[in-house]
Amino acid sequence: MTIKAILTDIEGTTTDINFVHKVLFPYAYDHLPGYLRSHSEDEVVLSVLEDARTELGQPDADLETLIAAFLGWIEQDKKVTALKSLQGLIWVAGYEQQDFTGHLYRDAYEYLQKWQQQGLDLYVFSSGSVKAQKLLFGYSDFGDLTPLFSGYYDTHIGHKREASAYRNIAADIGLPVAEILFLSDISEELDAAREAGMATVLLAREQRPSECSHPVVQNFQQIRLTERI
Ligand SMILES: CSCCC(=O)C(=O)COP(=O)(O)O
Ligand SMILES: [Mg+2]
């Protein structure tokens, strides 16, 4: 089956895990209480706070309770959709004030451009919100890379370890699922994508796994699109 589109994860795939965990998450943790206290009446924040109350099962949770919950979810790296939406809102200032730029491995930068020039459509699927994804690529180490991408998906379409998310993405893209190649550093995510019928490649940027049922590469340069089964 010929690959017509590439769906890529971010953390650990296009982007160093350390940028997410040592730059983005601490920034969100430090700024979250002040941001919520000063934006608690903003419509978009009100919606996020309601989603957090639903996640907690506490419809009457007050702002300080929610702040504590959000901080706890960051500490546990919980992929709660409400947290991911809030982080995206908080990171806007950090990118716009140039406190940081979005990390990309050079091979990811070079091969995403090459694949687009070859006529492949590029998409992103991350637990990070679509807003956070567009910020990272929009304010990347290599400038604004958002023109590379045809679409972005976060956990509103489904969670990354559920095959239904990948079926939903393929339907939204409008391609046969087997013509989409999913790139990730997490084998459980690749298992779900393969169950849905996608082609898969595992990015092992640090240590190659002792065993893996998916093709394993260390960088984007090692990905061979034409040898796909
Ligand atoms: C889009 S940058 C922030 C990424 C993020 O918040 C996150 O949790 C990444 O998780 P993933 O499942 O995409 O590895
Ligand atoms: Mg990842």
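Residues numbered from 1 in each chain as written. Chains lettered and ligands numbered in written order. Predicted model: local features only at pLDDT ≥ 70, side-chain atom pairs only at ≥ 80, totals over all residues. Heavy atoms only, no water.

The chain carries the name Enolase-phosphatase E1 in an unreviewed UniProt entry, which gives Amphritea atlantica as its organism. Its UniProt record gives the chain the following Catalytic activity (unreviewed entry) comment, quoted word for word: "5-methylsulfanyl-2,3-dioxopentyl phosphate + H2O = 1,2-dihydroxy-5-(methylsulfanyl)pent-1-en-3-one + phosphate". (UniProt positions renumbered as here; feature names shortened; annotations may be inferred.)

Peer 1: So what exactly am I meant to see when it comes to the overall build of the chain here?
Peer 2: Of regular secondary structure, the chain possesses 8 helices and 6 strands. Helices and strands in the chain line up, N terminus first, as β-α-α-α-α-α-β-α-β-α-β-α-β-β. Against the compact-globule benchmark of 17 Å for 229 residues, the chain has a radius of gyration of 18 Å, which places it among compact chains. The proportion of buried residues among the 229 residues of the chain is 54%. Accessible surface, the chain as shown: approximately 10800 Å² in total, 46% of it carbon and sulfur. When the 19 positive and 34 negative side-chain charges of the chain are each reduced to one mean point, those points stand 7 Å apart. (Helix = DSSP H or I, 4+ residues; strand = E, 2+ residues; numbered from the N terminus. Rg over C-alpha atoms; globule rule 2.2 N^0.38 Å. Buried < 20%, exposed > 50% of the residue type's maximum accessible area, 1.4 Å probe, protein only. Areas by Shrake-Rupley, 256 points an atom, 1.4 Å probe, with all protein chains shown as cover. Lys, Arg positive; Asp, Glu negative; His and termini not counted. Charge placed at Lys NZ, Arg CZ, Asp CG, Glu CD.)

Peer 1: Can you walk me through the coordination of the magnesium ion (ligand 2) in this structure?
Peer 2: A metal bound by six donors in octahedral fashion has ideal angles of 90 or 180 degrees, whereas one bound by four tetrahedral donors has an ideal angle of 109.5 degrees. Here the magnesium ion (ligand 2) is held by the protein donor atoms Asp 9 (OD), Glu 11 (O) and Asp 185 (OD), which lie 2.1 to 2.3 Å from it. Considered as a linear motif, the donors of the magnesium ion (ligand 2) on their single chain read D-x1-E-x173-D. The buried category is assigned to Asp 9, whose relative accessible area is 3%. (Donors = N, O, S within 2.8 Å, 3.2 Å for Na, K, Ca; no water.)

Peer 1: Please clarify how helix α3 (residues 63-75) should be interpreted in this entry.
Peer 2: Residues that lie three or four places apart on an α-helix share one face, since the helix turns once every 3.6 residues. In this model α3 runs 18 Å from its N-terminal to its C-terminal C-alpha over 13 residues, within 8% of the 18 Å that 1.5 Å per residue would give. Buried within α3 are the following residues: Leu 66, Ile 67, Ala 69, Phe 70, Leu 71, Gly 72, Trp 73 and Ile 74. Looking at the buried positions of α3, the neighbouring elements they touch are α1 (17-39), α2 (43-56) and α4 (81-96). Looking one or two residues beyond α3, the residue adopting positive phi is Asp 77, at roughly 50°. (Expected span 1.5 Å × (residues − 1). Contact = heavy atoms within 4.5 Å.)

Peer 1: What exactly am I supposed to notice about the packing of α1 against α3 here?
Peer 2: Two measures define how a pair of helices packs: the angle their axes make with one another and the distance between the axes. Packing of α1 against α3 leaves a shortest axis separation of 10 Å and a crossing angle of 175°. As judged from the angle between their axes, α1 and α3 are roughly antiparallel. Residues Phe 25, Ala 28, Tyr 29, Leu 32, Pro 33, Leu 36 and Arg 37 of α1 touch α3, and the partners they reach there are Leu 63, Glu 64, Ile 67, Phe 70, Leu 71, Ile 74 and Glu 75. Partitioned by chemical class, the residues of the contact of α1 with α3 number 11 nonpolar, no polar and 3 charged. (Axes fitted to C-alpha atoms, helices over the stretch in contact; angles between N-to-C directions. Parallel < 35°, antiparallel > 145°, perpendicular 65-115°, else oblique. Nonpolar A, V, L, I, M, F, W, Y, C, P; charged D, E, K, R; others polar.)

Peer 1: How do you make sense of the packing of aromatic side chains when you look at a structure like this?
Peer 2: Both the distance between ring centres and the angle between the ring planes are used here to describe each pair of aromatic rings. Enumeration according to the criterion identifies 14 aromatic pairs in this entry. An angle of 20° between the planes, with centres 5.5 Å apart, marks the rings of Trp 115 and Phe 220 as stacked. Placement of Trp 115 in helix α5 (residues 106-117) and of Phe 220 in the segment after β6 (216-217) is noted, with a sequence separation of 105 residues between them. Geometrically, the ring pair formed by Phe 149 and Tyr 152 is tilted, given 5.8 Å between the ring centres and 50° between the ring planes. Taking relative accessible area as the criterion, Phe 149 reaches 9% and is therefore assigned buried. Residue classification places Tyr 152 among the buried residues on the basis of a relative accessible area of 15%. These aromatic residues form a ring-pair network of at least three members: Phe 19, Tyr 27, Tyr 95, Phe 100 and Tyr 139. Directly above the ring of Phe 125 sits Lys 160, whose terminal nitrogen or CZ lies 5.7 Å from the centroid. Positioned over the ring face of Tyr 105 is Arg 205, at 3.9 Å from the centre of the ring. (Phe/Tyr/Trp six-rings, centres within 6.5 Å; stacked < 30°, edge-to-face > 60°. Lys NZ or Arg CZ within 6 Å of the ring centre and 35° of its normal.)

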